[in-house]
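Listed below, chain by chain, are the residues.
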Amino acid sequence: MAKKLNSVVGIDIGSRKIKVCEIKTQGKEPIVTALGIIDTPEGAVDHGGIYNDEAVAQALKSVLSSSGISTKAVVVSIAGQNSVLVRTLEVPRMNPQELRDHMQWEINRNIPFAESTVVSDFKALGDDDPNSPNMDVVMAIAPQSAIDTTVSCIKRAGAQTAAIDVEPLSMARSVARSYDDELSGKTVCLVDMGASSCAINIYSGSKLLMPRQIPLGGDMFTKAIADDQTLPLGDAEHLKMT
Ligand SMILES: Nc1ncnc2c1ncn2[C@@H]1O[C@H](COP(=O)(O)OP(=O)(O)OP(=O)(O)O)[C@@H](O)[C@H]1O
Ligand SMILES: [Mg+2]
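Note that the structure is predicted; figures quoted are calculated from it, not measured.

S.K.: Please clarify how the site of ligand 1 should be interpreted in this entry.
M.R.: Of all residues adjacent to ligand 1, which total 15 residues, the nearest are Ser15, Arg16, Lys19, Glu237 and Lys240. Backbone polar atom of lysine 17 to an oxygen atom of ligand 1: 2.9 Å apart, as the coordinates give it. Between ligand 1 and the protein, one listed contact pairs an oxygen atom with a backbone N or O atom of serine 196 at 2.8 Å. Listing elements by their share of the shell around ligand 1, those giving two or more residues are strand S2 (17–26), helix H5 (218–229) and helix H6 (233–241). The element that contributes the greatest number of residues to the shell around ligand 1 is H6, accounting for three residues. The class makeup of the residues in the shell around ligand 1 is three nonpolar, six polar and six charged.

Dropping the structure here:
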């Protein structure tokens, strides 16, 4: 289990933008103490994952420094269809030892990557009806190489990876924390449109019912504007934003 940190940097490495956020806990409340954003180096990341770790490390180092972040402990979310699979499964109700054995089998048969060396984890969601014959379990699987690449980027940027999270679950916690009163007991669909992909996740509270990632994002609108108006992509992006 990850140790509780009083000061941490959250990092989101997107295909167009790298975002960093320093959070410190003062008393019980987490406070945002610094934010930064920088363009992802061209071609370094796409909807599959990170392809140029050296370029990403340099950009990360630069944005950490320019945003005045001094904290070294990083929590990073891993994303990309070649980098992580997150799925919620319904399995017969079983005890923790049986669940461990069963999930090892589920993980082995669900590996969608060419690489067979993977890092995986699972968690019983726990808030279902105790009389139901089934239970919900969320699992995450990532190729070892995707984890190694992410950790290496952070190390070369001068920080240390304290934990690796997966986007659908970190977004669920964020939404539950921010909108607990309004959304309590409701089913929520959260759409996060990035530049190259769009995450559509359905939650009940912070329980992830259905995660989906589709390879469609803001870049496609930019390209459609560029084609329609016969503009270079940079100009079309500018037009889209204004
Ligand atoms: N004000 C705006 N109006 C329209 N589009 C915008 C605006 N601001 C940002 N975008 C678009 O959002 C996208 C960038 O979003 P974001 O930073 O979430 O992407 P990313 O995390 O790098 O991408 P991905 O998650 O797909 O790898 C770009 O396509 C950009 O053009
Ligand atoms: Mg993104």
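S.K.: Is there a simple way to think about the sheet that holds strand S8 (residues 118–124) in this case?
M.R.: Strand pairing in a sheet relies on backbone hydrogen bonds. The paired strands run either parallel or antiparallel. With respect to topology, three strands assemble into an open sheet ordered S7-S9-S8, the strand pairing being antiparallel. Where the open sheet ends on each side, the last strands, each with one partner, are strand S7 (85–92) and S8. The sheet shows a mean angle of 25° between the axes of neighbouring strands, taken without regard to direction. When S7 meets strand S9 (residues 134–143), the two strands line up antiparallel, connected through eight bridges. Residue pairing for S9: leucine 89 is matched across the bridge by valine 137. Where helix H3 (residues 144–156) meets the sheet, its contacts fall on S8 and S9, and the angle it forms with S9 comes to roughly 65°.

S.K.: Can you walk me through the pattern of salt bridges in this structure?
M.R.: Two side chains that carry opposite charge are able to pair once their charged atoms sit near each other. With the rule as written, the count across this model stands at eleven salt bridges. Note that arginine 16 is salt-bridged to glutamate 42, the shortest N-O span being 3.6 Å. Taken together, the residues span a long stretch of sequence, with arginine 16 in the loop between strand S1 (7–13) and S2 and glutamate 42 in the loop between strand S3 (29–39) and strand S4 (45–46) at a distance of 26 residues. When the shortest N-O distance is used, the salt bridge between glutamate 106 and arginine 109 registers 3.1 Å. Taken together, the residues span about one helical turn, with glutamate 106 and arginine 109 both in helix H2 (residues 96–110) at a distance of three residues. Owing to a relative accessible area of 6%, glutamate 106 belongs among the buried residues under this scheme.

S.K.: Help me out: how do you make sense of H3 in this one?
M.R.: Side chains that are three or four residues apart share a direction in an α-helix, a result of its 3.6 residues per turn. The terminal C-alpha atoms of H3 lie 18 Å apart, and with 13 residues this matches the ideal 18 Å at 1.5 Å per residue to within 8%. Buried residues of H3: Ala146, Ile147, Thr150, Cys153 and Ile154, and no others. Buried residues in H3, looked at end-on, bunch into an arc of 130°, giving them a common side. Those residues of H3 that are buried are in contact with strand S5 (49–50), helix H1 (53–66), strand S6 (73–78), S8, S9 and strand S10 (160–166).

Each value, and the rule that gives it
- Residues numbered from 1 in each chain as written.
- Chains lettered and ligands numbered in written order.
- Predicted model: local features only at pLDDT ≥ 70, side-chain atom pairs only at ≥ 80, totals over all residues.
- Heavy atoms only, no water.
- Near = heavy atom within 4 Å.
- Polar contact = N/O pair within 3.5 Å; in protein donor to acceptor, adjacent residues only side chain to side chain.
- Helix = DSSP H or I, 4+ residues; strand = E, 2+ residues; numbered from the N terminus.
- Nonpolar A, V, L, I, M, F, W, Y, C, P; charged D, E, K, R; others polar.
- Pairing = 2+ DSSP bridges.
- Axes fitted to C-alpha atoms, helices over the stretch in contact; angles between N-to-C directions.
- Contact = heavy atoms within 4.5 Å.
- Salt bridge = Lys/Arg side-chain N within 4 Å of Asp/Glu carboxyl O.
- Buried < 20%, exposed > 50% of the residue type's maximum accessible area, 1.4 Å probe, protein only.
- Expected span 1.5 Å × (residues − 1).
- Arc of directions from axis to C-beta.

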